Amino acid sequence: MTGSDGRAWSRWVLGTRAGTVQVKARALGRSPVAITFSATVQPGPPHALSLISGAGQTGVVGATLDDSLLVQVVDQYNNPVESQVVSWTAEDGGTVSDATTSTDAAGRAGIRWQLGDQAGVQTSHAMIATLPSSALDFTATALPDAAVAVEKVFGDNQSAPVGGDLTDSLVIRVVDAFGNGVPGRSLSWVLVGTGGSVNPGSSTTDDNGEAFTRWSLGSTAGQQTLRAAVPGFAPVSFVAHAQSLEPATIAAATATQLNGTAGQPVTPAPSVEVQDGSGNPVSGVTVTFTVVSGGGEVASGSNRGKSVTTSTDAAGLAQLPRGRSVRLQDPERWKPGRRGPPGRLPGVPSASLGSAPPVTRTSWPSSSNPGRPWRVKRSAPRSPSRSRMPMATPY
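Now for a look at the structure at hand.

Rules and cut-offs
- Residues numbered from 1 in each chain as written.
- Predicted model: local features only at pLDDT ≥ 70, side-chain atom pairs only at ≥ 80, totals over all residues.
- Heavy atoms only, no water.
- Helix = DSSP H or I, 4+ residues; strand = E, 2+ residues; numbered from the N terminus.
- Buried < 20%, exposed > 50% of the residue type's maximum accessible area, 1.4 Å probe, protein only.
- Contact = heavy atoms within 4.5 Å.
- Areas by Shrake-Rupley, 256 points an atom, 1.4 Å probe, with all protein chains shown as cover.
- Pairing = 2+ DSSP bridges.
- Salt bridge = Lys/Arg side-chain N within 4 Å of Asp/Glu carboxyl O.
- Axes fitted to C-alpha atoms, helices over the stretch in contact; angles between N-to-C directions.

## Examining the overall build of the protein
Looking only at helices and strands, one finds zero helices and 33 strands in the protein. With 395 residues in all, the protein has 36% of them scored as buried. For the protein, the share of sequence-separated contacts (at least 6 apart) that also reach a separation of at least 24 residues comes to 57%. Summing over all exposed atoms, the protein offers an accessible surface of approximately 21,000 Å²; the carbon and sulfur share of this is 49%.

## Some details on the pairing of strand β5 (residues 69–74)
Counting buried residues along β5, five of its six residues qualify, which places the element largely inside the surrounding structure. As defined by bridge partners, strand β3 (residues 48–53) adjoins β5 across five bridges and the pair is classed as antiparallel. By the bridge assignment for β5, Leu-49 is matched with Val-73. Bridge analysis of β5 against strand β9 (residues 108–111) gives four bridges, and the strand direction is antiparallel. Note on β9: the bridge partner recorded for Leu-70 is Gly-110.

## A short note on the pairing of strand β6 (residues 85–90)
Along any regular strand the residues' side chains alternate between the sheet's two faces. Note that β6 and strand β8 (residues 100–102) share three bridges and pair antiparallel. When the sheet's bridge partners are listed, Val-85 is paired in β8 with Ser-102. Two strands pair when backbone bridges link them, and β6 and strand β11 (residues 120–128) are joined in this way by five bridges, in the antiparallel orientation. Bridge pairing links Ser-87 to Met-127 in β11.

## So, the pattern of salt bridges
Throughout the structure, instances matching the rule amount to one salt bridge. Two residues, Asp-156 and Lys-152, come together in a salt bridge whose shortest N-O distance is 3.1 Å. Residue Asp-156 is classed as partly exposed on the basis of its relative accessible area of 31%. Residue classification places Lys-152 among the partly exposed residues on the basis of a relative accessible area of 40%.

## Observations concerning the sheet that holds strand β15 (residues 170–176)
Across the sheet, four strands lie side by side as β13-β15-β19-β17; this open sheet has antiparallel pairing. In this open sheet, the two strands that pair with only one neighbour each are β13 (147–154) and β17 (197–199). Averaged over neighbouring strand pairs, the angle between their axes works out to 30° when direction is ignored.

This is the structure:
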């Protein structure tokens, strides 16, 4: 209602929506008149930072994602706020196209994100200085690049008894140029001779780019080889050392019929070979050489006498040193016609290993019949069953 001065007034409270608004005043009467008032509503101060698009993308390591990262700054009534500075950062070795950007009339700002070289989930951040608590996180999944190499990870150079299982699995890894594991690559595990088995015989790399197998060694002692073959790459070799089992047999490694002069060393030096049940040489086994009848002596190193011990070498061989190993009975102390122990020769040495039968090496004449030679006769094996030790008996 107008006053005495013809004026009317009202208080105008703007709404919450930014933009242009209008109020119309109309005077009623026979000829109504009206006037329109306009106002521009400005957004309030920044209140929140909202994520618009670009999160949850997937790309190859080192590549720029297809879509931009886009945010919006709004006031408390959700009106976009223009000219606000947004700061951007990237973790995990990634980079952003701009460290800061300003919001446009729609309150939006965006950048491009290049992923780092580490496969997996990577993170980028956006924030405005006036609202540090409103920082936003974008995540993306970085996939490995193309495979460029096959690496040996674990399980090389193990040892186990022949025919046994290695303690640890064998592990390889297929990697890209940045060292990320490449999943889904198929490969085969290939034994190189010597028997044995693997389980599984073929594999596919897992999410870490790794594949594994278990290896049961073959029955031959020594170094054995297994290869991981990935199509398109050179095979990766693993080696294992198959160790001989417990000694099972002892056998002559030199001639079993020898000639020598009384009081002088015998040549060649007596030698024996020790094997396990699979025929593999067994090293480090103690072997005793003993003069079992008639006199004489044996020697090994600084030790000499009726009995000496030595150890088998890597080839399973044990022998007395050349030139001083076995000395025959002195002829002045062993006269023809003197009766010696039946079935044994004067000064005859033997080699023994546990309960294995002895090896007798000689063809020297007997005391009772100097003119007749001795022969070596293989005796029936006693223990272990594979023994091949000969025994000496007269004709």
